[in-house]
Amino acid sequence: MARLRLKTMGLLMALAIVGIACTRPTPSTSTGTDCRTITHDLGETEVCGQPQKVVTIGPNLLELLLALEVQPIAHAEYFPFPTRQFDQPDQQIPYLGKYLTGQPDNVGTAESPSLEAIAKLKPDLILADSIKNKDEYELLSKIAPTLLFDYSGARSAWQTDLKALGQALQKPEKATAVTAESQRQVAKLKQDLQPIVAKDPKVLLLLSEQLSQGVRLETANSACGALLEDVGFQVVVPAALSQSQEPSHVISLESLTNLDMDWILIEGFSSQNLDKTSNPEEQQIKAIKTEWSENAIAQSLPPSQAGKVYFTPVYLCHALLGPIGTEIFLKDLHQQLDSSALQTTNGLARYEP
């Protein structure tokens, strides 16, 4: 009951601040003849002028914005941080922080954005997640034009979302160029990976925080699974699940001993706060790497004995599914699987362009 009262109070405060925000003058960049109707996951939204003050709620939206070479004034990350600003974005925002040229305001987390903080900034455009932020859509739309996208899952539609965002930001040519360049990069990386695919085609794709908490087997219907198959690998699943359309299934370690696989890729994550972690990518895989090395069943698997078990933060396959994340994931994967790199790396390296 107390939590319900607090939530209600928070919504009332947000409504009050949103009311104030809605009285702001129309940005000078907006004119009656310079408006576009943008289609997004929750309908259509009119965007006028060229938005200068953009807020991103979630790394997937930040990725699309940065791909268009636009900087946000504020951002809500997956992980909570205590500071009002991302004053060290390259350390605080995994993978994408190095592309930020300023210090955007911290407006909460992707699942619980601060509507009050966003309203005070008086943005021109808000980008949010159509699954995580669906309930806040109405209030966000009262603050500024809001576009909601979701490109999670296999063979995601980030290209369509990027095209819509390019229209909203008056950068349609840039959106087209980014999509074409991403396709070129994937084709090149697929070619680079072909010798490895020919030698070790069968990959077991797992997701876990700690083995004691369970393991999920990801299929070709997951984001990472689809990408692996796109470049030529075969994602291994038990025969009983071969017809499943689900992206993942809970599975026991014991059942893995019956599968035919050449190598294993484990997506690790940590539910601990990362506000004091200088390397959030490494923190995400630290626990599962330790447990895997100490588990008798895990170590009995042929890939473990052959030194062909690799780790990647779940962040890449479940947060950054657009052009930047795809390139990072495939380049890191190539580095890990390249036999010349096996002696010097242990887990997917942080990509530096």
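If you're wondering where the values come from, they're calculated on a predicted model, not measured in any experiment. (Residues numbered from 1 in each chain as written. Predicted model: local features only at pLDDT ≥ 70, side-chain atom pairs only at ≥ 80, totals over all residues. Heavy atoms only, no water.)

### Some points on helix 8 (residues 223-230)
For helix 8, the tally of buried residues reaches six of eight residues, placing the bulk of the element in the interior. Those residues of helix 8 lying buried are Ala223, Cys224, Gly225, Ala226, Leu227 and Leu228. A distance of 3.1 Å separates the backbone nitrogen of Gly225 from a side-chain oxygen at the start of helix 8, and that oxygen is part of Ser222. Backbone geometry just after helix 8 places Gly232 at a positive phi near 115°. (Buried < 20%, exposed > 50% of the residue type's maximum accessible area, 1.4 Å probe, protein only. Helix = DSSP H or I, 4+ residues; strand = E, 2+ residues; numbered from the N terminus. Polar contact = N/O pair within 3.5 Å; in protein donor to acceptor, adjacent residues only side chain to side chain.)

### Regarding the pairing of strand 6 (residues 125-129)
Each regular strand shows side chains that alternate between the opposite faces of the sheet. Burial runs high along strand 6: five of the five residues are buried. Burial along strand 6 is two-sided: the face carrying Leu125, Leu127 and Asp129 and the face carrying Ile126 and Ala128 are both buried. Pairing of strand 6 with strand 7 (residues 146-149) involves four bridges; the strand directions are parallel. Residue pairing for strand 7: Asp129 is matched across the bridge by Phe149. (Pairing = 2+ DSSP bridges.)

### Some details on helix 7 (residues 172-199)
If you check helix 7, its first and last C-alpha atoms are 41 Å apart, about what 28 residues at 1.5 Å a residue would give, namely 40 Å. Residues of helix 7 that are buried: Ala175, Val178, Thr179, Ser182, Gln185, Leu189, Leu193, Ile196 and Val197. Buried residues belonging to helix 7 abut helix 2 (59-67), helix 6 (158-168) and helix 14 (323-337). (Expected span 1.5 Å × (residues − 1). Contact = heavy atoms within 4.5 Å.)

### Examining the packing of aromatic side chains
Tallied over the full model, the rule gives six aromatic pairs. Plain terms: the ring middles of Phe79 and Tyr315 are 5.8 Å apart, the flat faces sit at 25° to each other, and that makes the pair stacked. Highlighted residues: Phe79 in the loop between strand 4 (74-77) and helix 3 (89-92) and Tyr315 in helix 13 (residues 314-319), separated in sequence by 236 residues. A centroid spacing of 5.2 Å and a plane angle of 75° characterise the contact between Phe233 and Trp263, whose relative ring orientation is edge-to-face. Pair noted here: Phe233 is in the loop between helix 8 and strand 10 (234-235) and Trp263 is in strand 12 (residues 263-268), with a separation of 30 residues, a long-range link. Connected via pairs of aromatic rings, a cluster forms that spans Tyr78, Phe79, Tyr95 and Tyr315. (Phe/Tyr/Trp six-rings, centres within 6.5 Å; stacked < 30°, edge-to-face > 60°.)

### Some remarks on the state of the cysteines
Any covalent bond linking the sulfur atoms of two cysteines counts as a disulfide. Per the stated rule, a full pass over the model turns up two disulfides. Sulfur-sulfur distance for the disulfide between Cys35 and Cys48 comes to 1.9 Å. With the S-S dihedral at roughly 105°, the linkage between Cys35 and Cys48 falls on the right-handed side. Taken together, the residues span a long stretch of sequence, with Cys35 in strand 1 (residues 35-40) and Cys48 in strand 2 (residues 43-48) at a distance of 13 residues. Sulfur-sulfur distance for the disulfide between Cys224 and Cys317 comes to 1.3 Å. Here Cys224 is found in helix 8, whereas its partner Cys317 is found in helix 13, with 93 residues between them in sequence. Across the pair, Cys317 and Cys224 agree in class, each one buried. (Disulfide = S-S within 2.5 Å.)

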